[in-house]
Amino acid sequence: MELFEAIKTRRSIRRYKTDPVDDKKIEAILEAGRWAPSWANTQCWRFVVVRDAKVRAKLVDTLMKIKLPDREIPNPAAAAMNTVPVIIVVCAKIGIAGAGHGSPGSKAQYVTDKGDWFMFDTALAVQNMVLAAHAQGLGTVIIGAFEATQVGKILSVPEGYRVVALFPVGMPDQEGKAPPRKELSEIAFKDKFGK
Ligand SMILES: Cc1cc2nc3c(=O)[nH]c(=O)nc-3n(C[C@H](O)[C@H](O)[C@H](O)COP(=O)(O)O)c2cc1C
């Protein structure tokens, strides 16, 4: 699949078939993540591939409910997580992305006003991975609304790492519908912000 086509046609998929996904395809997805750019090539990302149904069920329990004014609803991706064959959990080693040569763990350690760039670097890897999944005919949905500490416990993520995001991977059982995007004129400017 051509790159622009992949970027434009990738959708968040929230309904999956139960068909298995073979290891080669998962490996290609991980490989796409591995080749993402990162701060000073520090590659803070770590990926946990979950296929075990019992672990999957525990992960589903960590999804946060969405609060509406009058009630709470399940995370829209919760149903998808129950049936999908594979979930990839993305973790980050803390304290290396964005860091200079200051003492590790201190604020002075970071080069920019943004501090630790782990969210940024893992996001680059995640985007590569979801596009690689889509290019292979697989669906994904990035999930951020979950109890990360609980996921860390379930997967035995060690100290010094944070769980950032997770995404199911499986054969889509729906045509994703594209939510609208802002017009370029609203988000891209010439020479000066807002112009
Ligand atoms: C950082 C991040 C967190 C997200 N968390 C969730 C989530 O918890 N549950 C969910 O159903 N979708 C989640 N999404 C998916 C977005 O809702 C979706 O990407 C957006 O509506 C645009 O739709 P599209 O991906 O089909 O283009 C998340 C996306 C991102 C980038």
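Structure: see above.
If you're wondering where the values come from, they're calculated on a predicted model, not measured in any experiment.

The rules we used
Every chain begins its residue count from 1, and numbering advances along the sequence as written. Thresholds applied to this predicted model are a pLDDT of at least 70 for local features of residues and 80 or more for the giving and counting of side-chain atom pairs; totals over whole chains, interfaces and linings are not thresholded and use all residues. Remark: hydrogens and water are excluded; side-chain values derive from all non-hydrogen atoms of the structure. Strand pairing is defined by DSSP finding a minimum of two bridges between the two strands. Each helix is a run of DSSP H or I of at least 4 residues and each strand a run of E of at least 2, with the numbering of both proceeding from the N terminus. Each residue is tested against the molecule or strand, and it is near if at least one of its non-hydrogen atoms lies within 4 Å. N or O atoms closer than or at 3.5 Å make up a polar contact, with two conditions inside protein: a donor-capable atom paired with an acceptor-capable one, and, for residues adjacent in sequence, both atoms drawn from side chains. Accessible surface area values rest on a Shrake-Rupley calculation with a 1.4 Å probe, where residue burial reflects the displayed protein chains alone. Following the grouping adopted for this structure description, the nonpolar residues are Ala, Val, Leu, Ile, Met, Phe, Trp, Tyr, Cys and Pro, the charged ones are Asp, Glu, Lys and Arg, and the polar ones are all others, Gly among them. What we call a nonpolar core is a set of buried Ala, Val, Leu, Ile, Met, Phe, Trp, Tyr and Cys residues that are connected through their side-chain atoms within 4.5 Å. Throughout this description, buried means an accessible area under 20% of the type-specific maximum (1.4 Å probe, protein chains only), exposed means over 50%, and partly exposed covers the range between. Whether two residues are in contact is decided by their heavy atoms, any of which lying within 4.5 Å being enough. A pairing counts as a salt bridge when a side-chain nitrogen of Lys or Arg comes within 4 Å of a carboxyl oxygen of Asp or Glu. Lines are fitted to the C-alpha atoms to define the axes, a helix being fitted only along its stretch in contact, and any angle between axes, read from their N-to-C directions, falls within 0 to 180 degrees. Rotating anticlockwise by less than a right angle from the far helix to the near helix defines a left-handed crossing, while the corresponding clockwise rotation defines a right-handed one.

A. Up close: the sheet that holds strand β4 (residues 86-93). Taken together, the 4 strands give an open sheet; going across it, the order is β1-β4-β6-β5, and neighbouring strands pair in antiparallel fashion. At either margin of the open sheet sits one strand with a lone partner, and together these are β1 (45-50) and β5 (139-140). Looking at chain direction, β1 and β4 are connected through 6 bridges and run antiparallel. Along β4, the bridge assignment pairs V48 with V89.

B. Spatial organisation of the site of the ligand. Near the ligand you find 14 residues, and of these R11, S12, R14, N75 and R181 are the closest. In this structure, an oxygen atom belonging to the ligand sits 2.7 Å away from a side-chain N or O atom of R11. Contact distances for the ligand include 3.2 Å between an oxygen atom and a backbone N or O atom of A145. Its free accessible area being 620 Å², the ligand has 64% of it covered by the protein chains. Grouping the constituent residues of the shell around the ligand by class yields 7 nonpolar, 3 polar and 4 charged.

C. Representation of the nonpolar core in the model. Of all hydrophobic cores here, the largest spans 22 residues; its most connected members are M81, I87, V89, I143, V151 and L166. At the level of elements, α3 (53-61), α4 (78-83), β4 and β6 (161-170) are the ones that each hand at least two residues to this core. Sequence-distant contacts of L166, that is, excluding residues within four places in its chain, are made with M81, I87, I88, V89, V141, I142, I143, F146 and V151. Membership of the second largest hydrophobic core comes to 15 residues, among which are I26, I29, A32 and F167.

D. Molecular detail of the pattern of salt bridges. Taken as a whole and assessed by the stated rule, the structure comprises 5 salt bridges. Across the pair D23 and R51 runs a salt bridge, and its minimum N-O distance is 3.0 Å. Separated by 28 residues along the polypeptide, D23 in helix α2 (residues 23-34) and R51 in the loop between β1 and α3 bring together distant segments of the chain. Salt-bridge contacts for K67 lead to E72; the nearest nitrogen and oxygen are separated by 4.0 Å. K67 gets classed as exposed once you look at its relative accessible area, which sits at 68%. Judged by its relative accessible area of 45%, E72 falls in the partly exposed class.

E. Quick look at the packing of α2 against helix α5 (residues 118-135). Interhelical geometry of α2 versus α5 gives an angle of 150 degrees and a closest axis separation of 7 Å. Every pair of crossing elements has a handedness; the one defined by α2 and α5 is right-handed. Two secondary-structure elements touch here, α2 through A28, I29, L30, A32 and G33 and α5 through A125, N128, M129, A132 and A133. Considering only residue class, the contact of α2 with α5 consists of 8 nonpolar, 2 polar and no charged.

F. Structural detail: the environment of Y110. Mapped onto the fold, Y110 is located in the loop between β4 and α5. Take Y110: its relative accessible area is 18%, and that puts it in the buried class. Other than its neighbours up to four places away in sequence, Y110 contacts G95, A97, G98, A99, G100, G115 and D116. Within the structure, the side chain of Y110 is placed 3.2 Å from the side chain of D116, a separation counted as a polar contact.

G. Summary view of the environment of D113. Mapped onto the elements of the fold, D113 is located in the loop between β4 and α5. Classification of D113 by relative accessible area gives exposed; the value is 71%. Along the backbone, D113 and F189 are 76 residues apart, and their C-alpha atoms lie at a distance of 24 Å. Within the structure, the side chain of D113 is placed 3.0 Å from the side chain of K114, a separation counted as a polar contact.

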